[in-house]
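# What the coordinates show
So you can see what is in the structure, the chains are spelled out below.
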Amino acid sequence: MSGSSSPDSSSSGSSPFLNRVRAACRRKGYTYWTEKTYLRWIVRYVKHHGTEHPRAFGNEEVRDYLSHLATG
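The sections below set out a description of the structure shown in this document. Predicted model, so just to flag it, every value in this text is computed and none were measured.

Nonpolar side chains tend to gather and get buried jointly when the protein is soluble and globular. Leu-18, Val-21, Cys-25, Leu-39 and Val-43 form the largest nonpolar core, which has five residues in total. Broken down by secondary-structure element, the contributors of at least two residues to this core are helix 1 (16-27) and helix 2 (32-48). Sequence-distant contacts of Cys-25, that is, excluding residues within four places in its chain, are made with Tyr-30, Glu-35 and Tyr-38.

This part covers the packing of aromatic side chains. Each aromatic ring pair is characterised by the separation of its centres together with the angle its planes make. A complete count under the given rule lists four aromatic pairs for this structure. An aromatic cluster of at least three residues, connected via ring pairs, comprises Tyr-45, Phe-57 and Tyr-65.

Let us look at the environment of Glu-52. Structurally, Glu-52 can be placed in the loop between helix 2 and helix 3 (59-71). Ignoring any residue separated from it by four or fewer positions in sequence, one finds Glu-52 in contact with Val-46 and Phe-57.

The rules behind these values
- Residues numbered from 1 in each chain as written.
- Predicted model: local features only at pLDDT ≥ 70, side-chain atom pairs only at ≥ 80, totals over all residues.
- Heavy atoms only, no water.
- Core = buried A, V, L, I, M, F, W, Y, C linked by side-chain atoms within 4.5 Å.
- Buried < 20%, exposed > 50% of the residue type's maximum accessible area, 1.4 Å probe, protein only.
- Helix = DSSP H or I, 4+ residues; strand = E, 2+ residues; numbered from the N terminus.
- Contact = heavy atoms within 4.5 Å.
- Phe/Tyr/Trp six-rings, centres within 6.5 Å; stacked < 30°, edge-to-face > 60°.

Purely geometric numbers; function is a separate question.
Pasting the structure below:
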C-alpha cells in the first residue's frame, strides 16, 4: 500500500476519538479495509448529527440515523 492510503492519512480526520477507534481496530486485528470502513461510517454518523461528540448520542440519535439511511 502507498503511504497516502494508510488509515492515519484517511479523509476521516485525526480527532482523538477517531484515533481511539483506530487503536481499537488494530488491537482487535481488524484489516485495514475494515478499519477504514468503520471510520467512514462513524464520520458519516457524526456529521449527520451536526458534528456533536458521539458520547452525547443515545438511542434516539441511532434510530434517527437508521431511519435516514433507510429513507434517504
